[in-house]
Amino acid sequence: MLWQPLFYNARVPKPDSTEFDTYLLNGLPTKHLRGQTIAELLVEKEATGLGVAVERNQQVVKSAEHGQTRIEVGDRIEIVRLVGGG
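Note that this is a predicted model, so its numbers are computed, not measured.

1. With respect to the overall build of the chain
Here's step 1: Per the secondary structure count, the chain includes 1 helix and 6 strands.
Here's step 2: Taken from the N to the C terminus, the helices and strands of the chain come in the order β-β-β-α-β-β-β.
Here's step 3: When the 86 residues of the chain are sorted by exposure, 31% land in the buried category.
Here's step 4: Once local pairs closer than 6 in sequence are excluded, the contacts in the chain between residues at least 24 apart make up 60%.
Here's step 5: Here the chain displays about 5,800 Å² of accessible surface, and carbon together with sulfur accounts for 53% of that area.

2. Quick notes on unusual backbone geometry
Here's step 1: Of note, the phi angle at N26 is positive, near 50°, even though the residue is not glycine.
Here's step 2: Within the secondary structure, N26 sits in the loop between β2 (20–25) and β3 (28–33).
Here's step 3: Assessed through its relative accessible area of 7%, N26 is described here as buried.

3. Comments concerning the pairing of β2
Here's step 1: Bridge count between β2 and β3: 6 bridges; the pairing is antiparallel. Bridge assignment links T22 to a residue of β3, and that residue is K31.
Here's step 2: Hairpin connection of β2 to β3: 2 residues between the antiparallel strands, including N26 at a positive phi of 50°.

4. Quick notes on the confidence of the model for the chain
Here's step 1: With 78% of its residues at a pLDDT of at least 70, the chain reaches an overall mean of 83.
Here's step 2: Looking over the chain, one finds the lowest element-wise mean pLDDT in strand β1 (residues 2–5), namely 54, and the highest in strand β5 (residues 59–61), namely 96.

5. Quick look at the nonpolar core
Here's step 1: Y23, L25, I38, L41, L42, A47, V52, V54, V61, I71, I77 and I79 together form the largest nonpolar core, which totals 12 residues.
Here's step 2: Counting residues per element, the ones that place at least two in this core are β2, α1 (38–44), β4 (52–56) and β6 (76–83).
Here's step 3: For this core, the leading source of residues is α1, giving 3 residues.

6. Details of the pattern of salt bridges
Here's step 1: Tallied over the full model, the rule gives 3 salt bridges.
Here's step 2: The salt bridge involving D21 is made with R34; its shortest N-O contact spans 2.8 Å. Within this pair, whereas D21 is found in strand β2, its partner R34 is found in the loop between β3 and α1, the two being separated by 13 residues in sequence.
Here's step 3: Residue class for D21 comes out buried when judged on its relative accessible area of 11%.
Here's step 4: Ionic pairing is found between D75 and R56, a salt bridge with its closest N-O pair at 2.7 Å. Separated by 19 residues along the polypeptide, D75 in the loop between β5 and β6 and R56 in strand β4 bring together distant segments of the chain.
Here's step 5: Look at D75 and you get buried, because its relative accessible area is 5%.

Quick notes on the rules
- Residues numbered from 1 in each chain as written.
- Predicted model: local features only at pLDDT ≥ 70, side-chain atom pairs only at ≥ 80, totals over all residues.
- Heavy atoms only, no water.
- Helix = DSSP H or I, 4+ residues; strand = E, 2+ residues; numbered from the N terminus.
- Buried < 20%, exposed > 50% of the residue type's maximum accessible area, 1.4 Å probe, protein only.
- Contact = heavy atoms within 4.5 Å.
- Areas by Shrake-Rupley, 256 points an atom, 1.4 Å probe, with all protein chains shown as cover.
- Pairing = 2+ DSSP bridges.
- pLDDT = per-residue confidence, 0-100.
- Core = buried A, V, L, I, M, F, W, Y, C linked by side-chain atoms within 4.5 Å.
- Salt bridge = Lys/Arg side-chain N within 4 Å of Asp/Glu carboxyl O.

Below, the structure is given as structure tokens:
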């Protein structure tokens, strides 16, 4: 089993919008709605279900905490999915 990073073609908000903050998603600068939670990000990126893990600033975020964990300016978010193979 391997952990495979998930990369996305995220929607790109207007850069001058004050409703958005910037963070890194799998190493790429990304804008998100201010106050967005990890759970909302996963739904937006269609990265829900078994085998998905999230790291925020080098700390694993437990799935039970996704709904309460808000993404902050400058956060480093990594989303990976467990993939099988041989």
